[in-house]
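Reading the structure
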Amino acid sequence: MLQKYKYTLTYVCMMACLLLCSCGKKATDDSIEMSATASETYTISSRSLPVAAGSAPTTGSFRLQGDILYFQDGADANHNLYKQSLKEDAMPTKELGDLEGSERLQSFTLDEAGNIFCFVRKEEEQYFFRKYNAEGEQLAEQEITLPAEQNRENFYFLDSVADAKGNVYALSEKNIWIFDSTGQEKGRVAITLDNLLDIGVSKEGNPYISYYKDGDAHQSMSLIDGESGKVGDKLSILGTGQLYTGREKGLLSYDTHYLYEIDPVSGKSIAILDLLRHYVSADSICAVAGDGKEGFTFLTCKDTAIEVITLTHNTSNGGVATEEGKTTIHLVAPLASGEDPDLLKLVMEFNKQSEEYFVTFEALGLSGPDEPGTYANTHLVSDECPDLLMINYYYYQIYAEAGVLEDLSPYLNQSTLLSVDHYLESATAPFRTGDAVYGIPKGFSLWGLVGRNSQVEELCDNMTIDSFLGFLEKNPTAKFEYGGQPPRILELCLKYGMEQYVDFEKGICRFDEEEFRKLLERINDLERSGGNDDWESLKQSNNILFAEIALNDYFTLEKEAMSYGDDMIFLGYPSLDGKMVCEMFLDYNIGIPKNGKNKEGAWEFLKYYLLNYRIPTDMPTEKEKLNSELEAAATPKYKTDENGEQVEMPVTQVYLFYNNSVAPVYALSEEKAEHIKKAIHSTKLMTKESRALLEIILEECYGYFYGEKTLDATLDIMQNRCQLYLDENTN
């Protein structure tokens, strides 16, 4: 696994994204080929390895050699190499003795005989190849000559592997270096691949490199051909791209759901183990080893605690299911684009602690308003009905109108911690009809426009449709991140201004009247701006800029301020009265279908979920937790410096994608905390009917805005289509 010490956070963020985007496949998806053994089960045993106090095992360096684990300790000044038995309770021992002075071990690997090959940086930017035997005795040393154009100060051997022929391959940022077993350089393979993921060796002893290219559906892998000095053909693979030697052939990789065996000859990735079913959390895996057909060994690490998980194949009765005797509860996410690792981990934790129930998770990846309706009217009224359903709040009304959801209020009222009053009213409102409650979302983000406080302050709490358009007329060079074309401006005006032209109670719209005509004419006369591909450069200019963002934590505006070089203000959207209004996007709502067969078990999991799950990328919907977290975000932290003075400390740090860096964030000012609190309590639900009308209007406005239709013709079509929709969908 890449030991990218200099780019650790970048790598972690990239791997988190890969875990999310690589696992959104249902188990029966045609794109995943299942081996005959994929449904077999294993006896699970686990044990924690003793770790010295203060040590910090570098998880990217883990190497398994039989029953011995080798790893580097990040707390060691030299990043020295340690080894530890998986079978005994002994503490890890330093393998290479003490490295000298400022020597630092950058990367290491082992061959089948147990020889250790190390890449060490010394003072004055010298780099050495060293070979040790299994007892840690040095056998060879060779200084590595870097090319003249190489920046020696920032040079790094990221990872290394040994093939079956005794060659050692070391990966740097631009080259794969090839050495023989004594350290003599045999050549280099120049690499121009973006998003390098890993380097590994197949069961056959051949070296491969994995990588990801923007736009590709999956990660890729290529053979490293030392003879030709080239990287071989591209093979599309499943999994995150982390490569481990295969148990019988090829290589192993994994995603949040499956362990895959990759056949380099056929190019196929075949699922050979269901990780979820065996309680293996993919996001903490540090090493994998397969033992023929007998089983697997996984090493996981969290907060320096190393756990060894051993899966031994069940041979009796053709493999006895680990969930034998438990009732299966089926959770389906029909609108999920992928399976969230944190949610899957919660499912595994529930399965571990529950003596009665075993939850299975399935992400179908449906999209668009028609597919949930089809699902509601087919699966949810059939024998295939799941026990739990994850509901996107956009389409909640579809399920509610189909009458396929169970009222949760009798369950929720059993506990004060789970009563509806425990949650933000604005968060539960979209899932309530009268006194009935059909779901409780666990997290939310707030969507709206932001701008530099120094430029757009006049719009704060005064952004009516009229004042918003007046501001754009007064500042014709204002830019929008995704373009300021007329349809986009119209969408912003109508998002929460639809009631000005529609009486939803009476089911009447007025899009053919003078008031709406003037709105379209006014927007049509605005200065037009296209998409802004170079938005990062515009941030450094004096242009008035608007961006539409998700306020998903307490420090989002602080992060935006670092990016724009100025204090940022959250405006929300234009409203009828000018007061702030924003959209609350609600995540991770789980309901119980009426036709589910295991409602008691479904509630047991839902209760566990509501009490224990915290969406890491959102703000919580629980009122007490939200207030507590916001208070903590606005409470300064201090330390005493060497002069006895109180110095303010950061309360957190944020990753800045625009410049690939980590920045400290200090406590929010009282004013900024109040601004966020105000936004939280300024949300408004955009109904299904409003969304449908807005979609019609945006479809029809293009003809007028781009000169293909007259305004009269455009208004007539809009009025007729919208009125027809209201006639068919309102009382």
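What counts and how
Residues numbered from 1 in each chain as written. Predicted model: local features only at pLDDT ≥ 70, side-chain atom pairs only at ≥ 80, totals over all residues. Heavy atoms only, no water. Pairing = 2+ DSSP bridges. Helix = DSSP H or I, 4+ residues; strand = E, 2+ residues; numbered from the N terminus. Phe/Tyr/Trp six-rings, centres within 6.5 Å; stacked < 30°, edge-to-face > 60°. Buried < 20%, exposed > 50% of the residue type's maximum accessible area, 1.4 Å probe, protein only. Lys NZ or Arg CZ within 6 Å of the ring centre and 35° of its normal. Arc of directions from axis to C-beta. Contact = heavy atoms within 4.5 Å. Axes fitted to C-alpha atoms, helices over the stretch in contact; angles between N-to-C directions. 1 Å grid on protein atoms, 1.4 Å probe; cavity = no way out; pocket = protein on both sides within 12 Å on 5 of 7 lines; lining within 4 Å. Points joined across faces, edges and corners; volume = space filled by probe spheres on them. Nonpolar A, V, L, I, M, F, W, Y, C, P; charged D, E, K, R; others polar. Parallel < 35°, antiparallel > 145°, perpendicular 65-115°, else oblique. Left-handed = near helix turned anticlockwise from the far one by under 90°.

Re the pairing of strand β10 (residues 138-144)
Relative to β10, strand β9 (residues 126-132) is paired through six bridges, and the arrangement is antiparallel. Each residue of the ladder has a partner; that of K131, found in β10, is A140. Connecting β9 to the next strand, β10, in antiparallel fashion are five residues, including G136 with a positive phi near 85 degrees.

Quick word on the packing of aromatic side chains
One pass over the full model with this rule turns up 31 aromatic pairs. A ring pair is formed by Y244 and Y254, whose centres lie 6.4 Å apart and whose planes are at 25 degrees; its orientation type is stacked. Residue Y244 is located in strand β20 (residues 244-245), and its partner Y254 is located in strand β21 (residues 251-254); the two are separated by ten residues in the primary sequence. Using a relative accessible area of 4% as the deciding quantity, one classes Y254 as buried. On the numbers, 4.9 Å between centres and 70 degrees between planes, the contact of F511 with F516 is edge-to-face. Look at F511 and you get buried, because its relative accessible area is 0%. Here F516 falls in the buried class, since its relative accessible area comes to 0%. Among the aromatic residues, those joined into a ring-pair cluster are F117, F119, Y127, F129, F155, F157, W177 and F179. Here the guanidinium or amino end of R63 rests over the ring plane of F108, the centre of that ring lying 5.7 Å away. Sitting over the ring of Y573, K495 keeps its end group 5.3 Å from the ring centre.

A closer look at helix α14 (residues 623-633)
Among all positions in α14, only L626, L630 and A633 are buried. Buried residues along α14 cover an arc of 60 degrees about the axis, so they all sit on one side. Looking at α14, the residues exposed on the side facing more than 90 degrees away from the buried face are E624 and E631. The elements touched by buried residues of α14 are β32 (440-452), β39 (619-620) and α15 (670-680).

Observations concerning the sheet that holds strand β4 (residues 68-72)
The four strands are arranged β3-β4-β5-β6 in an open sheet whose pairing can be described as antiparallel. At either margin of the open sheet sits one strand with a lone partner, and together these are β3 (63-65) and β6 (93-94). Note that strand β5 (residues 81-85) and β6 share two bridges and pair antiparallel. Along β6, the bridge assignment pairs K83 with T93.

So, the sheet that holds strand β7 (residues 104-110)
Strands in a sheet are paired, the pairing made by backbone hydrogen bonds, and the direction either parallel or antiparallel. The strand order across the open sheet built from four strands is β7-β8-β9-β10, with neighbouring strands paired in antiparallel fashion. The sheet is open, and its two borders are formed by β7 and β10, each paired with just one other strand. Neighbour to neighbour, the strand axes of the sheet diverge by 20 degrees on average, direction disregarded. Two elements, β7 and strand β8 (residues 116-122), share six bridges in a ladder whose sense is antiparallel. Bridge pairing links T109 to F117 in β8.

Topic: empty space enclosed by the protein
For the structure shown, the criterion picks out three cavities of 30 Å³ or more. Quantified by volume, the largest cavity comes out at close to 90 Å³. L472, N475, P476, A478, F480, G484, I489, L526, E527 and S529 are the residues that line the largest cavity. For the lining of the largest cavity, a count of residues per class yields six nonpolar, three polar and one charged.

Considering the packing of helix α10 (residues 514-524) against helix α17 (residues 711-729)
Closest axis-to-axis distance for the α10/α17 pair is 11 Å, and the angle between their directions is 125 degrees. What the angle tells us is that α10 and α17 run oblique. Of the two elements, α10 crosses α17, and the hand of that crossing is right-handed. Residues F516, R517, L520 and E521 of α10 form the contact with α17, whose own contacting residues are L711, D712, L715 and M718. For the contact of α10 with α17, the residue count by class is five nonpolar, no polar and three charged.

Concerning the side chain of E689
Take E689: it is sitting in helix α16 (residues 688-705). When near neighbours in sequence (up to four residues on either side) are disregarded, E689 contacts Q397, F504, Y725, N729 and T730.

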